[in-house]
Amino acid sequence: MRRLLLTSISLLGLLIGCSSQPSDDYAEYQKRLANVVDVTYNTISYSGLVKLTPPSLPKESTISLIELASINHCEVSRFIAEHNNQLGKVAVPSEQLKYAIRFIQLMPKCIESLDDKNAQLKSTLANALIAKKQAASMLFQLMLSREREMQSLLIATSKEIPVLGIEGKEAAIESLTRLVSINAKIDAQDFDAITPHDITLALKNLNQNSYVSGSDFKRSEAN
């Protein structure tokens, strides 16, 4: 999935379309040059688009209301309560990912605060922590495939955008690079090095970004 993000960064300035594009002139130049130097001109054929299938998340370990009340002194209990309400259940993938990361960051301290009399509760929380770590990478992939700000990068385009002089290019590349970094830290299980709000900032900079929006598929142009 990190490769997908890196590819998105690399290909932001080279987008395939149906209407006449500057690359059409370049292709014609290549053909003529091939004839002059007597070499075979080869083109790249596209057999079709690959549909990305969102991953299936593992079943979460549940924490009962009684167990939640037992860790009321822990900061993580607030995040669990928010996730268990109706708003948490319908949260977009990026918010689910942010919640999971914060859960992973806060839960160890809560587990350490419990004495041996709460061995069963400590075991339940430890299992929940493991499940969240296992789900983090899948939640990241889910964000890439379902988050509105990311979808335009995964859709065939009908026009090209120039490599130079385009507003929003630096912000777009910076945001994608930030997401690559977050993904790398998730893969390395280095959750304490992640600032969850950085996910929001990255998506905010991609939202309605003029450089990214240049890759949006336009039916009117493609037809």
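Definitions and cut-offs
- Residues numbered from 1 in each chain as written.
- Predicted model: local features only at pLDDT ≥ 70, side-chain atom pairs only at ≥ 80, totals over all residues.
- Heavy atoms only, no water.
- Phe/Tyr/Trp six-rings, centres within 6.5 Å; stacked < 30°, edge-to-face > 60°.
- Helix = DSSP H or I, 4+ residues; strand = E, 2+ residues; numbered from the N terminus.
- Buried < 20%, exposed > 50% of the residue type's maximum accessible area, 1.4 Å probe, protein only.
- Lys NZ or Arg CZ within 6 Å of the ring centre and 35° of its normal.
- pLDDT = per-residue confidence, 0-100.
- Contact = heavy atoms within 4.5 Å.

(A) Fine view of the packing of aromatic side chains. Throughout the structure, instances matching the rule amount to one aromatic pair. Ring geometry for tyrosine 99 and phenylalanine 103: centres 6.0 Å apart, planes at 55°, overall tilted. You can see tyrosine 99 and its partner phenylalanine 103 sitting in helix H6 (residues 93-113), four residues apart, about one turn around the helix. Taking the relative accessible area as the measure of exposure, tyrosine 99 reaches 12% and is therefore buried. Between the NZ or CZ atom of arginine 78 and the centre of the ring of phenylalanine 79, over which it lies, the distance is 4.4 Å. Positioned above the aromatic ring of phenylalanine 103, the side-chain terminus of lysine 132 is 4.9 Å from the ring centre.

(B) Structural view of the confidence of the model for the chain. Looking at the chain as a whole, the pLDDT averages 76, with 65% of positions reaching at least 70. Averaged pLDDT values for the elements of the chain fall to 35 in helix H12 (residues 219-222) and rise to 93 in H6. Every residue in residues 13-19 is under pLDDT 50, and counting partners more than four places away or in other chains gives 20 contacts. Across residues 215-223 the pLDDT falls below 50, and counting only partners more than four positions away or on other chains, this stretch makes 18 contacts in the model.

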